[in-house]
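# Summary of the model geometry
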Amino acid sequence: MFKKITTSLYALSGFFMLLCACNYSAHATQLVEGKIGFFKHANTTFDSYSAKPDTKQQQWMQKHYQRMLVYTPYFDARLNWYPSAWFYKDSYAIYIGSETAKKHPEWILRDEKNNALYIPWECHGKCDQYAGDFGNPEFRKFKIEEIRAALTKGYKGVWLDDVNLTWRVGDNKEDHVTPVDKRTGKLMVLKDWCRYFAEFMEDIRAAFPGTEIAHNAIWYADSLESENPFISRQISAANYINIERGANDSGLTGGDGPWGYLTFLRYLDYVHQRGVSVILMDAGITPDEREYGLATALLVSNGNDLINSNQPDWTTPDHWWPGYDINLGAAENSRYKWRGLLRRDFECGRVLVNQPGMPEQLVRIKGKFQRIDGAPIKKLHLAGKSAAILIKKSCKQH
């Protein structure tokens, strides 16, 4: 669950770009696995940058933010200088007190006693979003028309929140309550919840075949298609799958268990196998976690993936971490196990990751490499849940 708190947006220091065999720009068409684009969530804390940027600031954002998540109507008048924006839309919310809620109470999911049900997110005893019945064809059409109206303003795409292929419906206390399926008159079963959601996402895809569509999805909703084919259909209806918290999700553990880091990476691989890219909305709050989040993105990168961080200390035009600009060039292999770590090699560098909960590893580095800050490196101590991005000194930096 990812929400905007108000109707406003949430949304020049020196920088460098690492180049290998060829130049890279934020608008390059050639996919390079060693470059992760930055996805800026322009929430309310970003208003001071987005309100009235001068030409230089506009150009900086165009270069450093491959895509931005914004809110309509606030950002409508700013599309002339940043046309690569996606607008926010919750997939099945009906806001309490809205005209939609008043005119179409039949679109609200209800329990056996006809009580309205909600999307359980930060309710604190009073939720602000009813759970809409995405199995209802008329509700689907209504949502599609809302998306269409926003797209006519010039947005490049839509970022759909709450694409939940597992139960996310309940009462004002955020306790799960199974809704009545209005198609059958009986309690809804999870299989039908997933089927209705997959069909809804396919309807949106069919309505806007040339539009970029991102789903904010739950990676652990179920096993992959052998268990739940509707997840495969949902993934295929998107251009990007957004994963909140990314590799710095505190619930991730080492290994390949249900919450394992390797299981997480396999899900990302599966998304790529469907021809879809990923956005890791990283939750790291320290410099070490920041590098770990980016290193994880590089381990799985297909050349079109994005990363996000909402830490203002390193993601704004006047506080920017140059690590988000690096380009390690083409990947020389997929990730592999190496001396207790996960490793991937690139034309211009190397990525080493130690999973959460794993013992510290001492690694001696052969060859001429440097860290992101330019410091030469010959030896590394990598504790559990840490990483190192190593850059070949022979690659030119700008």
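Cut-offs and rules
Along every chain, residues carry numbers that run from 1 in the direction the sequence is written. With pLDDT at 70 or above as the cut-off, local features in this predicted model cover only qualifying residues; side-chain atom pairs require 80 or more to be listed or tallied, and sums for whole chains, interfaces and linings still use all residues. By convention in this description, side-chain values take in all heavy atoms of the structure and omit both hydrogens and water. Where helices and strands are cited, they refer to DSSP runs of H or I of at least four residues and of E of at least two residues respectively, numbered from the N terminus. Put simply, the radius of gyration uses C-alpha atoms, and a globule should come to 2.2 Å times the residue count raised to 0.38. Throughout this description, buried means an accessible area under 20% of the type-specific maximum (1.4 Å probe, protein chains only), exposed means over 50%, and partly exposed covers the range between. Methods summary: accessible areas were calculated by the Shrake-Rupley approach with a probe of 1.4 Å, and residue burial reflects only the protein chains presented. When charges are counted, Lys and Arg contribute as positive and Asp and Glu as negative, whereas His and the chain ends are disregarded. Where a charge lies is defined by one atom per residue type: Lys uses NZ, Arg uses CZ, Asp uses CG and Glu uses CD. To obtain each axis, a line is fitted to C-alpha atoms, and for helices this fit is confined to the stretch in contact; angles are then taken between N-to-C directions over 0 to 180 degrees. Oblique is the label for any angle not under 35 degrees, not over 145, and not in the 65 to 115 range, which are roughly parallel, roughly antiparallel and roughly perpendicular in turn. By convention, the crossing between two helices is left-handed when the near helix turns anticlockwise from the far helix through less than a right angle, and right-handed when the turn is clockwise. Residues are treated as being in contact if the distance between any of their heavy atoms lies within 4.5 Å. Polar here means any residue other than Ala, Val, Leu, Ile, Met, Phe, Trp, Tyr, Cys and Pro, which are nonpolar, and Asp, Glu, Lys and Arg, which are charged; Gly is therefore polar. What a helix is expected to span follows from its residue count: subtract one and scale by 1.5 Å. The directions considered for the arc run from the helix axis to the C-beta atoms. In protein, a polar contact requires one atom able to donate a hydrogen and another able to accept it; more generally it is a pair of N or O atoms within 3.5 Å, and residues adjacent in sequence count only if both atoms are side-chain atoms. Just to be clear on terms, a salt bridge is a Lys or Arg side-chain nitrogen sitting within 4 Å of an Asp or Glu carboxyl oxygen. Put simply, a disulfide is two cysteine sulfurs that come within 2.5 Å. Pairs of strands are assigned from DSSP output, requiring at least two bridges between the strands.

### Things to note about the overall build of the chain
What the chain contains, in helices and strands, is eight helices and 20 strands. Against the globule reference of 21 Å for 398 residues, the chain gives a C-alpha radius of gyration of 22 Å, in line with a compact fold. Along the three orthogonal principal directions, the C-alpha set of the chain runs to about 70 × 50 × 35 Å. For the chain, with 398 residues in total, the buried portion stands at 56%. Here the chain displays about 17,100 Å² of accessible surface, and carbon together with sulfur accounts for 49% of that area. Measuring between centres, the 50 positive side-chain charges of the chain sit 5 Å from its 46 negative side-chain charges.

### Quick word on the packing of helix α5 (residues 190-207) against helix α6 (residues 229-236)
Between α5 and α6, the shortest axis-to-axis distance is 8 Å and the interhelical angle comes to 20°. As summarised for this structure, α5 and α6 are arranged roughly parallel, according to the angle between their axes. Considering the relative orientation of α5 and α6, their crossing is left-handed. For the pair α5 and α6, contact is made by K191, C194, R195, A198, E199, M201 and E202 and by F230, R233 and Q234, respectively. Along the lines of polarity and charge, the residues of the contact of α5 with α6 split into four nonpolar, one polar and five charged.

### Some remarks on helix α4 (residues 137-151)
For α4, spanning 15 residues, the distance from its first C-alpha to its last is 21 Å, which sits close to the expected 21 Å at 1.5 Å a residue. What α4 keeps buried is the set F139, R140, K143, I144, I147, A150 and L151. Projected onto a plane normal to the axis of α4, the buried residues spread over an arc of 135° and lie on a single side. Here α4 starts with a cap whose side-chain oxygen sits 2.8 Å from the backbone nitrogen of E138, and that cap is N136.

### A word on the pattern of salt bridges
Taken as a whole and assessed by the stated rule, the structure comprises 20 salt bridges. Close ionic contact of E146 with K143 constitutes a salt bridge, the shortest N to O distance being 4.0 Å. Here the residue E146 and the residue K143 both occupy positions in helix α4, the gap between them amounting to three residues, near one helical turn. You can call E146 partly exposed: its relative accessible area is 27%. In this structure K143 comes out as buried when scored by relative accessible area, which is 5%. Put simply, R195 and E199 hold a salt bridge, and the shortest N to O gap is 3.4 Å. Here E199 and R195 lie together in helix α5, a separation of four residues that amounts to about one turn. What emerges from the salt-bridge pattern is a single network uniting R140, D192, R195, E199 and D203.

### Examining the state of the cysteines
All told, the structure shown has two disulfides when counted by the stated rule. Between C123 and C127 runs a disulfide, and the two sulfur atoms are separated by 1.9 Å. Looking down the S-S bond of the C123 and C127 bridge, the torsion is 100°, so its handedness is right-handed. Each member of the pair, C123 as well as C127, carries the same accessibility label: buried.

### Points about the side chain of D181
Within the secondary structure layout, D181 lies in strand β7 (residues 180-181). At 2.9 Å, the side chain of D181 forms a polar contact with the backbone nitrogen of R183. If sequence neighbours within four positions are ignored, D181 has contacts with K186, L187, M188, D192 and Y196.

### Side note on the sheet that holds strand β16 (residues 341-346)
One open sheet accounts for six strands, arranged β15-β16-β17-β20-β18-β19; its pairing is antiparallel. With one partner strand each, in any of the chains shown, β15 (336-338) and β19 (376-382) form the two edges of the open sheet. For this sheet, the mean inter-axis angle between neighbouring strands, taken without regard to orientation, is 25°. The pairing of strand β17 (residues 349-354) with strand β20 (residues 386-392) spans six bridges and is classified as antiparallel. Residue V351 lies in a different strand from β20, and its bridge partner there is I389. Helix-sheet contacts for helix α8 (residues 287-300) involve β16, β17 and β20, and the interaxial angle to β20 is about 70°.

### Some points on helix α2 (residues 55-64)
Considered for burial, the residues of α2 that qualify are Q58, W60, M61 and H64. Buried residues of α2, viewed axially, fall in a sector of 160°; they line one side. In α2, the exposed residues that point more than 90 degrees away from the buried face are T55 and K56. On its buried face, α2 is in contact with β1 (37-41), α1 (47-50), β13 (315-316) and β14 (319-320). At the N-terminal end of α2, a side-chain oxygen is found 3.2 Å from the backbone nitrogen of K56, two or three residues along, and the residue is D54.

### Focus: unusual backbone geometry
Residue P73 is reached from T72 by a cis peptide bond, and omega for that bond is 15°. As for its placement among the helices and strands, P73 is situated in the loop between β2 (67-70) and β3 (85-90). Of note, N114 is a non-glycine position whose phi angle comes to about 70°, a positive value. Position of N114 relative to the elements: it lies in the loop between α3 (99-103) and β5 (129-131). The exposed category is assigned to N114, whose relative accessible area is 53%. You will see that R339, though not glycine, has its phi angle at about 50°, which is positive. Inspection of the secondary structure assignment puts R339 in the loop between β15 and β16. Classification of R339 as exposed rests on a relative accessible area of 54%.

Interpretation in functional terms is not warranted from these geometric data alone.
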